[in-house]
Amino acid sequence: RKTAPNAQDIRAQKGGVPLVSLTAYTTPMARLMDGHCDFVLVGDSVGMVLHGLSSTLGVTMEMMILHGQAVARGLERAMLVIDMPFGSYEEGPAQAFRNAARLMAETGAGAVKLEGGVEMDETIRFLVKRGIPVMAHIGLTPQSINTLGGYKVQGRDDQAQAVLADAHAVADAGAFSVVLEKVPATLADRITAEVAIPTIGIGASAGCDGQILVVDDMLGFFTAFKPKFVKRYADLGPMAEAAIAEYAAEVRARSFPAAEHVFGDQAPAKGAKT
Ligand code: KIV
Ligand code: NA
């Protein structure tokens, strides 16, 4: 694949080979995943994962733009999608368009993602009709943590109809795909079967049209807590801490730097290593 897929390409993968995606916030991490992901999300999880915030509510447009620009520099083959932060779109379609256009113009993202179902269908329609591809995000929507009352599974028992209605609303409004976060597997499978756009699961079902994880979660860098839906494919946080501890011990013992890390006072012969 030579050029990055666009929103239509992603949409066309409905029912095909599952879409692969991860979040990224920095250039080097984006480079590592570029050859493996269909799209990369600059998630507002950046606030919790990299900035130590206790929720995503404090994430600003400026933070999203800065991290979006960094990620864009690391991508050639994967599509870039960027989250709209809390407070940047909920007032109405005009506010949402203004901020979505800014996110796309300043980062080069090919689409924005926003949280909400039925209550966002007018906004999604407005953006899509004006040239902004929208990925929706329903089920557990972390920006609504204060009204949801916790990071609970969404759509169990008599809540299932509401989540199903959200899925249909965002699809009908023109979203090119929809993230399903922390919903029962059978509900995720039903939504995947009923809507014409790809479902991207996180804590949903292997039957979704794609999956996403927060990269620091799956690499074991973010260890403040681990949701059930996270699989740690590596344990890099503890590895990094062990390396830091070894460095600290060697500095204190004056065994670092060693001879090969310091410079002599005579210039080396031509062609030799400095
Ligand atoms: O902000 C984020 O990381 C997300 C994904 C987990 C879907 O919205
Ligand atoms: Na998000």
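Residues numbered from 1 in each chain as written. Chains lettered and ligands numbered in written order. Predicted model: local features only at pLDDT ≥ 70, side-chain atom pairs only at ≥ 80, totals over all residues.

As annotated in an unreviewed UniProt entry, the protein chain carries the name 3-methyl-2-oxobutanoate hydroxymethyltransferase and comes from Ruegeria alba. A UniProt comment under Pathway (unreviewed entry) is attached to the protein chain, and it reads "Cofactor biosynthesis; (R)-pantothenate biosynthesis; (R)-pantoate from 3-methyl-2-oxobutanoate: step 1/2." (UniProt positions renumbered as here; feature names shortened; annotations may be inferred.)

Novice: What's the story with the UniProt feature "binding site: Mg(2+)" (unreviewed entry) in the protein chain in this structure? I'm lost.
Specialist: Here the UniProt feature "binding site: Mg(2+)" (unreviewed entry) sits at Asp-44, Asp-83 and Glu-115. The largest pairwise C-alpha distance within this set of annotated residues, which runs over 72 residues, is 10.9 Å, so the set is compact in three dimensions. When you line up the elements, Asp-83 lands in strand E3 (residues 79-83). Relative to the helices and strands, Glu-115 is located in strand E4 (residues 111-115). On the basis of neighbour count, Glu-115 is assigned to the buried category, with 24 C-beta atoms found within 10 Å. Glu-115 has contacts with His-137, Thr-141, Gln-143 and Ser-144, leaving out every residue within four places of it along the chain. (Helix = DSSP H or I, 4+ residues; strand = E, 2+ residues; numbered from the N terminus. Buried ≥ 20, exposed ≤ 12 C-beta atoms within 10 Å, placed from the backbone. Contact = placed C-beta atoms within 7 Å.)

Novice: Mind showing me how you'd approach the packing of helix H6 (residues 121-129) against helix H8 (residues 160-173) here?
Specialist: Any two packed helices are characterised by how steeply their axes cross, that is the angle between the axes, and by the distance between the axes. The contact between H6 and H8 brings their axes to 8 Å, and the two run at 20°. On the basis of their axis angle, the class for H6 and H8 is roughly parallel. Of the two possible hands of crossing, H6 and H8 adopt the one that is right-handed. In this structure, H6 contributes Asp-121, Ile-124 and Arg-125 to the contact, and H8 contributes Ala-169, Val-170, Asp-172 and Ala-173. Each residue belonging to the contact of H6 with H8 can be placed in one class, and the counts come to four nonpolar, no polar and three charged. (Axes fitted to C-alpha atoms, helices over the stretch in contact; angles between N-to-C directions. Parallel < 35°, antiparallel > 145°, perpendicular 65-115°, else oblique. Left-handed = near helix turned anticlockwise from the far one by under 90°. Nonpolar A, V, L, I, M, F, W, Y, C, P; charged D, E, K, R; others polar.)

Novice: Got a minute to help me understand the pairing of strand E6 (residues 177-181) in this structure?
Specialist: Regular strands place side chains that alternate from one sheet face to the opposite one. Taken across its five residues, E6 has five buried, putting it largely inside the fold. Side-chain alternation along E6 places Ser-177, Val-179 and Glu-181 on one buried face and Val-178 and Leu-180 on a second face that is also buried. Relative to E6, strand E5 (residues 134-139) is paired through five bridges, and the arrangement is parallel. Paired with Ala-136 across the two strands is Val-178, which belongs to E6. Where E6 and strand E7 (residues 199-202) come together, four bridges link them in parallel fashion. Of the residues in E7, the one forming a bridge with Val-179 is Ile-200. In this fold, the crossover linking E6 to E7 by way of helix H9 (residues 185-194) has right-handed handedness. (Pairing = 2+ DSSP bridges. Right-handed = clockwise from strand over helix to strand, strands pointing away.)

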